Each structure stands twice: as C-alpha cells, then as structure tokens.
Amino acid sequence: MLPRAVMQKAQNELVDWNNMGVSVMEISHRSAAFQTIVEQSEHNLRELLNIPNNYKVLFMQGGATAQFSFIPMNLLGDATTADYIETGVWSAKAIKEAERFCEVNVAATGREDNFTNIPDFDSWQLNPEAAYLHYCPNETIHGVEFPYVPQNGDVPVIADMSSTILSRPIDVSQFGMIYAGAQKNIGPSGIAIVIIREDLLGKASALTSDLFNYQKVAEQLSLVNTPPTFAWYLAHLTFEWLLEQGGLEVMAERNERKANKLYAVIDESELFHNPVDKSCRSWMNVPFILSDESLNQRFLDEANAAGLVALEGHRSVGGMRASIYNAMPEEGVDALIAFMKAFENSI
Ligand SMILES: *Cc1c(COP(=O)(O)O)cnc(C)c1O
C-alpha cells in the first residue's frame, strides 16, 4: 500500500497541481515546475538515506527486473565473471538474466533449504576477480532478510533493495550500487531507483542504449527521455511523507515492532507457521502457512470479508504472506493479528 496521506495529497491536487490549473501529468518533464520535483525528490532521498556525495541517484524505467540486465551491461567492464548469492526467487531471476552477459558464479545458494535460510557466510565461494557481488537483502516472496551486508574486499556489492529500501537507515558507503523498483516502499510501479558510486560509471558495453547506460542517465539527470512523471511525483510525495514521519529511524522502530508482534503470534500458534530461520526473518514480508492447508481458502475468504486483503502467498511458495511495508500502519498489523487469533479459535 501507499501512505494514505500521500494518496490524499495527490487526490487534492490531481487536476490543479502547484496552482497551475493543470495536473502534474499534463506538464512537460522539462518544465521548470517539474524540475522542482526532480531536484527535491533527489534531495529528500539523499537526506533520508544519508547518501554520500560520491554516489549518483538515478530514476530509471523498467522496474527492478530491467536492472537485472542493466547491471552486467554497465558494470562488467573487462571482467567476464560476477558473483551472485541465491536466496530466493528474485536473486534467482537476477542470476538468470546475468547469465546472458557473463559467467555467473553462484557463490552460495539457499535452495537446499527451500530458501528458508541464508547460507553461512564462511561457506561462500567468493571470487576476488568478480566484477561485482550481487545479492538481494530482502527476498520478498520467501520473507528472508540479510541481517548484515556481505563484503568481499574491493569487489563492489550490488543490492536489490526493492522490498526493503527506506524501511530503516542503511550505510550506503558499504555498497557499490543499490537499486529498487518503486512499487513496494516508494510509490507506484513504473520507476526504479539506482544509487551508484561514481567510480563504477563509464564501463557500459558499447551495445548499451543511452536509456540503460548509468553514466548517460547520470549526466542527463535521469531525463534521457520522458520519465514516468506521475510515478516520480508520487515517489516525491512519499519521500516528503517519510521525512514528516521523522525519517528512517522512526520507520525502523515502527517496522521492527510491527514484524515482531506478527511473528510472535505466529510462533505461539498451533495453526500458523513461519518456516524462515529466526536469524533472517524479514521485517517487510511475513509468509506463513496453515498447518491444515485445506483451511487456506476459508482463511482468505474470511480475511477478505474482514477487510484484510492481499494475504495470499506467492504462487511459488503457497500459503499466506503479509507484506507490511512502510505505509502499513501498526493498526493494520493489529487487525491482522486479531483476525488470526479469532480464526484459530473458530476452527
Ligand atoms: C518486486 C521485486 C522485483 C521486481 O520488480 P519489478 O519492478 O516488477 O521488475 C525485483 N526484486 C525484488 C526484491 C522485488 O521485490
């Protein structure tokens, strides 16, 4: 979900933005008015994440999935191999795309554990010659989240933060590049954010379109062509909302509290079960299965009737999943917990 306050602000100014008598969707992306969104959104994101000056912020299209290809296209340079950690569906997709471009070394995989755990760092087969090390800090579908940032000497670390960005403070300087599709914690789909250390720019392969070339996008301030202006505007409103909430420390406290109370109820219950190792449970995506799977549909139907929607687990893992992103208020989690307890009592 998106923050209700953001949606209401967008609604209020939908047909008359900035006292211009038109919608933000109807003005030129090169106008001075839209330029204020371009500048303020970057400024606010930098403030929220405390992004160092030697990192560029790019607003791109194609979602996080397009980045799975843009990363090898832009970052391999003369190298022929890259390291990937496989911890779930999204890192597996990133691997599959990268295999078109280079030799992929899957340095560790959680596949044998059905992606319910992160392989012990000491067991990783890291390559010191790798162009980069790619991993997914929060696997959205499996609900597996890294409690640390892996490092391999000078090898740049690339993180797909689509479902965890802005959920808490991070130390950007530990990463070569961070990227995220917008539609989990930022705004509507259609935009992806890239935060990249400057020394990694300028290595794109000759076949890379300017639109996908991080250096060109950086030089042209993310306006190589017409961006998804409405999605960008909503992302801008979300960044403002996050600052109004008190920034990422406040969000982290809230998110941790939300997740902990939901896991506590699942762990106490006879009916609900979360398969993920306690050391790496996600704050954002809480999957749970019912010990009696024949109750799945009844659970979903009754949840829907109680106004609790989008709880069905991803088709690849089944069961249920509660995605409790930044915009989900604590009352939303409380309502889910009350419903789960009542459901368990009723069977
Ligand atoms: C949702 C998601 C993606 C895919 O995002 P798109 O914008 O649909 O391409 C990639 N990685 C992670 C971790 C995700 O959660």
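Residues numbered from 1 in each chain as written. Predicted model: local features only at pLDDT ≥ 70, side-chain atom pairs only at ≥ 80, totals over all residues. Heavy atoms only, no water.

Brief notes about the packing of aromatic side chains
Point 1. Taken as a whole and assessed by the stated rule, the structure comprises 18 aromatic pairs.
Point 2. Ring geometry for Trp124 against Phe146: centres 6.2 Å apart, planes inclined by 80°, an arrangement best described as edge-to-face. Of this pair, Trp124 sits in the loop between β3 (103-109) and β4 (133-135) while Phe146 is found in the loop between β6 (144-145) and β7 (157-160), placing the two residues 22 residues apart along the sequence.
Point 3. Exposure remark for Trp124: the relative accessible area of 7% places this residue in the buried category.
Point 4. For Phe146, a relative accessible area of 9% puts it in the buried group.
Point 5. Ring centres of Phe299 and Phe343 lie 5.1 Å apart, and the angle between their planes is 85°; on these two criteria the pair is classed as edge-to-face. In this pair, Phe299 is assigned in helix α8 (residues 296-305) and Phe343 in helix α9 (residues 330-346), connecting sequence segments 44 residues apart. The pair formed by Phe299 and Phe343 is uniform in burial state, with each residue classed as buried.
Point 6. An aromatic cluster is present here, built from Phe121, Trp124, Tyr135, Phe146 and Tyr148 joined pairwise through their rings. (Phe/Tyr/Trp six-rings, centres within 6.5 Å; stacked < 30°, edge-to-face > 60°. Helix = DSSP H or I, 4+ residues; strand = E, 2+ residues; numbered from the N terminus. Buried < 20%, exposed > 50% of the residue type's maximum accessible area, 1.4 Å probe, protein only.)

Considerations on the site of the ligand
Point 1. Taken together, 13 residues form the shell around the ligand, and within it Thr65, Thr140, Asp160, Gln183 and Lys184 come nearest.
Point 2. Separating an oxygen atom of the ligand from a backbone N or O atom of Ala64 is a distance of 3.1 Å.
Point 3. Between Thr140 and the ligand, the recorded distance is 2.4 Å, taken from a side-chain N or O atom to an oxygen atom.
Point 4. Contact with the protein chains removes 87% of the 390 Å² of surface that the ligand exposes when unbound.
Point 5. At 4 residues, helix α3 (residues 63-75) tops the list of elements feeding residues into the shell around the ligand.
Point 6. When the residues that make up the shell around the ligand are grouped by side-chain class, the tally is 4 nonpolar, 7 polar and 2 charged. (Near = heavy atom within 4 Å. Polar contact = N/O pair within 3.5 Å; in protein donor to acceptor, adjacent residues only side chain to side chain. Areas by Shrake-Rupley, 256 points an atom, 1.4 Å probe, with all protein chains shown as cover. Nonpolar A, V, L, I, M, F, W, Y, C, P; charged D, E, K, R; others polar.)

Some words on empty space enclosed by the protein
Point 1. Applying the stated rule across the entire model yields 2 cavities of 30 Å³ or more.
Point 2. In this model, the largest cavity occupies a volume close to 90 Å³.
Point 3. A breakdown of the residues in the lining of the largest cavity according to their chemical character gives 7 nonpolar, 3 polar and no charged.
Point 4. Here the second largest cavity defines a volume of roughly 50 Å³.
Point 5. The residue makeup of the lining of the second largest cavity, split by class, is 7 nonpolar, 3 polar and 1 charged. (1 Å grid on protein atoms, 1.4 Å probe; cavity = no way out; pocket = protein on both sides within 12 Å on 5 of 7 lines; lining within 4 Å. Points joined across faces, edges and corners; volume = space filled by probe spheres on them.)

Here's the deal with α8
Point 1. Taken residue by residue, α8 has Asn296, Phe299, Leu300 and Ala303 as its buried positions. Angular distribution of buried residues about the axis of α8 spans 95°; they occupy a single face of the element.
Point 2. As for α8, its buried residues are in contact with β10 (272-273), β11 (285-290), β12 (320-323) and α9.
Point 3. Count one or two residues on from α8 and you reach Gly307, which has phi positive near 85°. (Arc of directions from axis to C-beta. Contact = heavy atoms within 4.5 Å.)

Some thoughts on the pattern of salt bridges
Point 1. In total, this model carries 13 salt bridges according to the counting rule given.
Point 2. With a closest N to O distance of 3.9 Å, Glu13 and Lys9 form a salt bridge.
Point 3. One salt bridge connects Lys56 with Glu198, and the closest N-O pair in it is separated by 3.7 Å. Of this pair, Lys56 sits in strand β1 (residues 55-60) while Glu198 is found in the loop between β9 (192-197) and α5 (214-219), placing the two residues 142 residues apart along the sequence.
Point 4. Classification of Lys56 as partly exposed rests on a relative accessible area of 31%.
Point 5. Where salt bridges share partners, they join Arg257, Lys261, Glu330 and Asp334 into one cluster. (Salt bridge = Lys/Arg side-chain N within 4 Å of Asp/Glu carboxyl O.)

Considerations on helix α2 (residues 32-49)
In an α-helix, one turn spans 3.6 residues; hence positions three or four apart end up facing the same way.
Point 1. Helix length check: α2, at 18 residues, gives a terminal C-alpha distance of 26 Å against a target of 26 Å (1.5 Å per residue), a fit within 8%.
Point 2. Here α2 has its buried residues at Ala33, Phe34, Ile37, Val38, Ser41, Asn44, Leu45, Arg46, Leu48 and Leu49.
Point 3. Each element contacted by the buried residues of α2 is listed here: β1, β9, α6 (229-245) and α7 (248-268).
Point 4. With its phi angle positive at about 55°, Asn50 sits one or two positions after the end of α2. (Expected span 1.5 Å × (residues − 1).)

Some remarks on the sheet that holds β12
Point 1. With antiparallel pairing, 3 strands are arranged side by side in an open sheet as β10-β11-β12. The open sheet has two edge strands with one neighbour each: β10 and β12. (Pairing = 2+ DSSP bridges.)

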